[in-house]
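Inside the fold
What follows is each chain in one-letter form.
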Amino acid sequence: MKRSVELGEKPLSLQDFLAVARDGAAVIITEHAMNKVRRSRKIVEEHLKAGVPMYGINTGFGRFADVSISEEQLSTLQINLIRADAVGVGNPLSEEIVRGVMLLRVNALVKGYSGARPEVVSTLAEMLNKRVTPVIPEKGSVGASGDLCPLAHMVLPMIGEGYAVYGGARFSGAEAMHRAGVPLLRLKAKEGLALINGTPVMTSIAAFALCGAENLMKCADIIAALTVEGLRGIMDAFDARIHDIRGQRGQCASAENLRRLLQESERASRQGALRMQDAYSLRCIPQVHGACRAAVAYVRQVVEVEMNAVTDNPLVFENGEVLSGGNFHGEPVAIAMDALGIAVAELGNLSERRIAKLVDPAHNHGLPAFLVEEGGLNCGFMVPQYAAAALVSENKVLAHPASVDSIPTSAGQEDHVSMGTIAARKARQIVEHVEAVLGIEWMAAAQAADLQPGLAAGKGTAPAYGLLREKIAFLQEDRVFFEDQAVASAMIGNGELVDAVERVIGPLG
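Below or above, wherever it landed, is the structure these notes cover. Note that the structure is a prediction, hence the values are computed from the model and not measured.

**Here's the deal with helix 9 (residues 200–230)**
For helix 9, which comprises 31 residues, the first-to-last C-alpha distance of 44 Å matches the rise-based estimate of 45 Å (1.5 Å per residue) to within 8%. Counting buried positions over the 31 residues of helix 9 gives 29, a clear majority of the element. Trailing helix 9 by a residue or two, R232 shows a phi angle of about 55°, which is positive.

See the structure below:
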């Protein structure tokens, strides 16, 4: 794990983002970056001295953009902005997401287009490094002008208000800052706006959703290969020639994964040996998983760009111009997150159909009903399939796009908004649901394998089976299932499954 991440000279990578947000790596800001911050601030101060009108700096906000603010009131304007915008609702965002938000805001400020003082940047970085984490309610952002509401909650502790977590406990913002030894700020002209105008909340959530989705792409192939073995599925459907002549790269990658996972398998069958064709949930795994892969690849491109974007308003340029635009609009992230939600929901849909096939004696090719030998006395995997069905059905509701919705705010001044933060939250929830669905399939596929002893597993499916059986025993008779499901889901979400398989067969595509 990286112990520190430097900001200011090169783009922030997804790996660096996770190192800081999830693993607690320190943030270091280069002197070159700080010099850009100083130059930007100097331009703002020169314009203020000259009386140049600048949106949100010496004017009101939104519909009040044409209201001039006197010099004596500029600091009050910024503090009022934070207080007025801190109207969040709901449960707090996780600490790792909030750390990601703080990191992305620092990364934008050090580009030198925001006009904030170096002290503002340093304070936010010091809060990260000393693990002072503002409490940010998860709801309240419409995604333009960026994430105003949740970001205002991020700023409150910086000025001694709101709440923050420090040392594992929740304190008032002032107390958390005091305990950590981080001086409070008195915001000056432009700085409140520079801190809360932008897309770091939706982008932090998006980055975590993306990482989860990329992990699920591999897990879905691994677990599907186990199910292919459990149902004595036909390997010929994954022949490279079939996929190459279609030419969809995600499909080709998924098919190659399946071939590698099933290499040396005695459980998978060949065309015509047991039957001529499998159901689509087996035969079309590469086609469906591959389409999901393509969507996730698009999402990665959007998220990586947005992580390094300057998204506040107005923007201060080196030639002295201060321009008001709309980089805070979250539409790129909103559409990408809606696409991610749809793609991951489809992984879950296909997984649930494979679970249903495994448990159904009319379609599971000779396996006992609900994968238990004493059916009737035992329900076996009957109700885990219900749970999977419930999750994928809920995903269908969550996958309805947020980005196609808009509702005007600020008396029509902000007449189209992105709902990007809602899209990101929904996508992350879908990822969590599909981790659970795939966990149920993993258990069912391993149960099916145990019910057909004497046949060797594939080179890649063997470690997947072995990992599960280290922690979850064969189901001889009914037992409490939810704990097993939680264990399987956790091993998917934390990367254990992929690690176990890749140690044996190398990196999956």
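**Notes on the packing of aromatic side chains**
Following the criterion strictly, the structure yields three aromatic pairs and no others. The aromatic ring of Y163 is capped on one face by R170, whose charged end is 4.6 Å from the ring centroid.

**Brief notes about the pairing of strand 1 (residues 4–7)**
Where burial is concerned, the two faces of strand 1 differ: the one with V5 and L7 is buried and the one with S4 and E6 is not. In the sheet, strand 1 pairs with strand 2 (residues 26–29) via four bridges, with the strands oriented parallel. Its bridge partner being in strand 2, L7 is matched across the sheet by I29. Read as a crossover between parallel neighbours, the route from strand 1 over helix 1 (residues 14–21) to strand 2 is right-handed.

**Observations regarding the sheet that holds strand 7 (residues 169–172)**
Read from one edge to the other, the open sheet built from three strands follows the order 4-6-7, with strand pairing classed as antiparallel. Every other strand in the sheet has two partners, leaving strand 4 (133–134) and strand 7 as the edge strands with one partner each. Helix 7 (residues 173–180) rests against strand 6 (163–166) and strand 7 of the sheet, and its axis sits at about 110° to strand 7.

**Some remarks on helix 15 (residues 382–398)**
With 17 residues, helix 15 should cover 24 Å at 1.5 Å per step; its first-to-last C-alpha distance of 25 Å lies within 8% of that length. Within helix 15, burial applies to P384, Q385, A388, L391, V392, N395 and L398. Considered in projection along helix 15, the buried side chains sweep an arc of 135° and stay on one side of the axis. Exposed residues on helix 15 whose side chains face more than 90 degrees from its buried face are K396 and V397. Considering only its buried residues, helix 15 is in contact with helix 14 (331–359), helix 16 (420–450) and helix 18 (482–493).

**Structural notes on the pattern of salt bridges**
Two side chains carrying opposite charge are able to pair once their charged atoms lie near each other. As enumerated under the stated definition, the model contains 25 salt bridges in all. One salt bridge in this structure joins R428 and E96, with 3.2 Å as the shortest N-O distance. Placement of the pair is R428 in helix 16 and E96 in helix 4 (residues 95–109), with a sequence separation of 332 residues. Between D484 and R479 there is a salt bridge, and its shortest N-O distance comes to 2.8 Å. If you follow the salt bridges from partner to partner, you end up with R41, E45, R117, E119 and E191 in one network.

**Quick look at the environment of Q78**
Note that Q78 resides in helix 3 (residues 74–85). In this structure Q78 comes out as buried when scored by relative accessible area, which is 0%. For the pair Q78 and G326, spaced 248 residues apart in the sequence, the C-alpha separation amounts to 20 Å. Those residues in contact with Q78 that lie beyond four places of it in its chain are G56, I57, F61, L187, K188, A189, K190, E191, G192 and L193.

**Quick word on unusual backbone geometry**
Residue S145 is reached from A144 by a cis peptide bond, and omega for that bond is 10°. Residues N313 and P314 are joined by a peptide bond in cis, for which omega reads -5°. In this model, F370 sits at a positive phi of 60°, which is unusual for a non-glycine residue. Note that F370 resides in the loop between helix 14 and helix 15. Within the chain, S410 stands out as a residue other than glycine whose phi angle is a positive 55°.

**Looking at the nonpolar core**
Membership of the largest hydrophobic core comes to 155 residues, with the highest contact counts inside it found for L195, M337, W442 and L497. Element by element, the count of residues in this core is highest for helix 9, at 20 residues. Counting residues in each nonpolar core, the second largest holds six residues, with I355, A388, L391 and V392 among its members.

**Observations regarding the side chain of R117**
Mapping R117 onto the fold places it in the loop between helix 4 and helix 5 (118–129). With a relative accessible area of 11%, R117 lands in the buried category. A polar contact is formed between the side chain of R117 and the side chain of E191, at a distance of 2.6 Å. Leave out the neighbours within four places in its chain, and R117 touches V37, R41, L185, R186, L187, K188 and E191.

**A closer look at the packing of helix 17 (residues 461–471) against helix 19 (residues 496–505)**
Viewed as axis vectors pointing N to C, helix 17 and helix 19 meet at an angle of 135°, and their least axial separation amounts to 8 Å. Here helix 19 runs oblique to helix 17, going by the angle between their axes. In terms of crossing hand, the pair formed by helix 17 and helix 19 is right-handed. Listed contacts from helix 19 to P463, A464, L467 and K471 of helix 17 are E496, L497, A500, V501 and V504.

**Things to note about a negative patch on the surface**
Judged by side-chain charge, E373, E374, E477 and D478 come together as a negatively charged surface patch. Within the secondary structure, D478 is located in the loop between helix 17 and helix 18.

**Points about the environment of G509**
Of note, G509 is situated in the segment after helix 19. Sequence spacing of G509 and A19 is 490 residues, and the spatial spacing of their C-alpha atoms is 23 Å.

**Comments concerning the packing of helix 1 against helix 4**
Running from amino to carboxyl end, helix 1 crosses helix 4 at an angle of 120°, the nearest separation of the two axes being 8 Å. Put simply, helix 1 runs oblique to helix 4. Seen from above, helix 1 lies across helix 4 with right-handed handedness. Along its contact with helix 1, which presents D16, F17, V20 and A21, the element helix 4 presents E96, R99, G100, L103 and L104. Here the contact of helix 1 with helix 4 is built from residues that sort into five nonpolar, one polar and three charged.

**Description of the side chain of H47**
Of note, H47 is situated in helix 2 (residues 31–50). By relative accessible area, H47 is classed as buried at 17%. In terms of polar contacts, H47 uses its side chain to reach the backbone carbonyl oxygen of G320, at 2.5 Å. Sequence-distant contacts of H47, that is, excluding residues within four places in its chain, are made with V52, M54, G320 and V322.

Cut-off values and rules
- Residues numbered from 1 in each chain as written.
- Predicted model: local features only at pLDDT ≥ 70, side-chain atom pairs only at ≥ 80, totals over all residues.
- Heavy atoms only, no water.
- Helix = DSSP H or I, 4+ residues; strand = E, 2+ residues; numbered from the N terminus.
- Expected span 1.5 Å × (residues − 1).
- Buried < 20%, exposed > 50% of the residue type's maximum accessible area, 1.4 Å probe, protein only.
- Phe/Tyr/Trp six-rings, centres within 6.5 Å; stacked < 30°, edge-to-face > 60°.
- Lys NZ or Arg CZ within 6 Å of the ring centre and 35° of its normal.
- Pairing = 2+ DSSP bridges.
- Right-handed = clockwise from strand over helix to strand, strands pointing away.
- Contact = heavy atoms within 4.5 Å.
- Axes fitted to C-alpha atoms, helices over the stretch in contact; angles between N-to-C directions.
- Arc of directions from axis to C-beta.
- Salt bridge = Lys/Arg side-chain N within 4 Å of Asp/Glu carboxyl O.
- Core = buried A, V, L, I, M, F, W, Y, C linked by side-chain atoms within 4.5 Å.
- Polar contact = N/O pair within 3.5 Å; in protein donor to acceptor, adjacent residues only side chain to side chain.
- Parallel < 35°, antiparallel > 145°, perpendicular 65-115°, else oblique.
- Left-handed = near helix turned anticlockwise from the far one by under 90°.
- Patch = residues over 30% accessible without salt bridge, like charges linked within 9 Å, V, L, I, M, F, W, Y side chains within 5 Å.
- Areas by Shrake-Rupley, 256 points an atom, 1.4 Å probe, with all protein chains shown as cover.
- Lys, Arg positive; Asp, Glu negative; His and termini not counted.
- Charge placed at Lys NZ, Arg CZ, Asp CG, Glu CD.
- Nonpolar A, V, L, I, M, F, W, Y, C, P; charged D, E, K, R; others polar.

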